[in-house]
Amino acid sequence: MRLPLIPVAELTPEQRELYADMKSGIETSFKGFRAICDNGSLIGPWNPWLHEPGFGKASWDLVKALASNPSLPKNVREVAILVTGTHFHSGYELYAHVLVGEMRGLSDEKISTIVAGCRPTDLTREEGVAYDTAFALVNGGVLPELLYKTAVETFTAHGAAELSYLVGLYCLVSVTLNTFDVPVPEEN
């Protein structure tokens with residue numbers, strides 16, 4: 001880990017405000033994996049965002065925008081997030097979203113196949129569109145027209161945009177985690 005965890009008592013006023021907002025959001029919306037240490041320090045992408053609160057707040061605001069009232073089903077979101085985390089070999093991201101994916105109804109077989117870099121054969125239609133869209137986006141270039149139309153047809157124009165922004169967000173999260181070599185937490 002390239003950045004030390006910031007003890008709560010050592011946060012600057014700017015960091016403290018961001019910390020309070022992120023901690024509240026984590027406790028409300030990010031359950032099932034470890035994101036807060038026993039001493040209150042934030043781990044995962046939240047620690048790097050605290051180190052640079054100007055960037056961190058903007059990143060966190062995007063997380064909140066995509067987490068509040070999502071139109072995409074939870075399992076569909078997790079498929080896209082797992083495809084993205086797998087592409088970047090982002091350990092903490094995969095640790096967290098394997099657990100969340102299980103909680104949101106994805107089978108162990110689907111999850112392990114995605115994490116192995118393959119497309120599961122038993123995806124639902126919606127999960128398949130999410131997989132194909134996320135895979136195409138993280139592998140670069142313009143999203144193929146037919147796939148874009150399929151995403152709009154499946155999720156509506158708003159849902160297709162949400163899927164694109166979700167993949168972009170988790171690219172940001174994965175690159176942040178990889179830049180700062182954020183480890184998978186040790187279990188207590």
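Up top you'll find the structure we're talking about.
Residues numbered from 1 in each chain as written. Predicted model: local features only at pLDDT ≥ 70, side-chain atom pairs only at ≥ 80, totals over all residues. Heavy atoms only, no water.

### Brief notes about the nonpolar core
Quick reminder of the rule: Think of a nonpolar core as a cluster: buried Ala, Val, Leu, Ile, Met, Phe, Trp, Tyr and Cys residues, connected wherever their side-chain atoms sit within 4.5 Å. When a residue's accessible area, from a 1.4 Å probe over protein chains only, is under 20% of the maximum for its type it is buried; when over 50% it is exposed; and in between it is partly exposed. The helix count covers DSSP runs of H or I at least four residues long, the strand count covers runs of E at least two residues long, and both are numbered beginning at the N terminus. Should any heavy atoms of two residues lie within 4.5 Å, those residues are counted as being in contact.
Residues Met-22, Phe-30, Phe-33, Trp-46, Leu-50, Trp-60 and Tyr-92 are the most contacted members of the largest nonpolar core, which totals 51 residues. Sorting the residues of this core by element identifies α1 (13-29), α2 (46-51), α3 (53-67), α4 (74-87), α5 (91-103), α6 (108-115), α7 (125-138) and α8 (145-179) as the ones contributing at least two each. Excluding residues within four positions of it along the chain, Phe-33 makes contact with Trp-46, Tyr-92, Tyr-95, Ala-96, Leu-99 and Val-100.

### Here's the deal with unusual backbone geometry
One non-glycine residue, Thr-156, adopts positive backbone phi at about 80 degrees. Tracing the sequence through the fold places Thr-156 in helix α8. Its relative accessible area of 46% is what places Thr-156 among the partly exposed residues.

### A short note on the packing of α3 against α8
Using the following cut-off: All axes are obtained by fitting lines to C-alpha atoms, using only the stretch in contact for helices, and the reported angles, taken between N-to-C directions, cover 0 to 180 degrees. Two helices cross in a left-handed way if the nearer one is turned anticlockwise from the farther one by less than a right angle. They cross in a right-handed way if the turn is clockwise. Basically, the charged four are Asp, Glu, Lys and Arg, the nonpolar ten are Ala, Val, Leu, Ile, Met, Phe, Trp, Tyr, Cys and Pro, and anything else, Gly included, counts as polar.
Contact geometry for α3 and α8: axes closest at 11 Å, N-to-C directions at 145 degrees. Where α3 crosses over α8, the handedness of that crossing is left-handed. Each of Ser-59, Leu-62, Val-63 and Leu-66 in α3 lies in contact with α8, whose residues at this interface are Glu-162, Tyr-165, Leu-166, Leu-169 and Leu-172. Here the residues of the contact of α3 with α8 sort into seven nonpolar, one polar and one charged.

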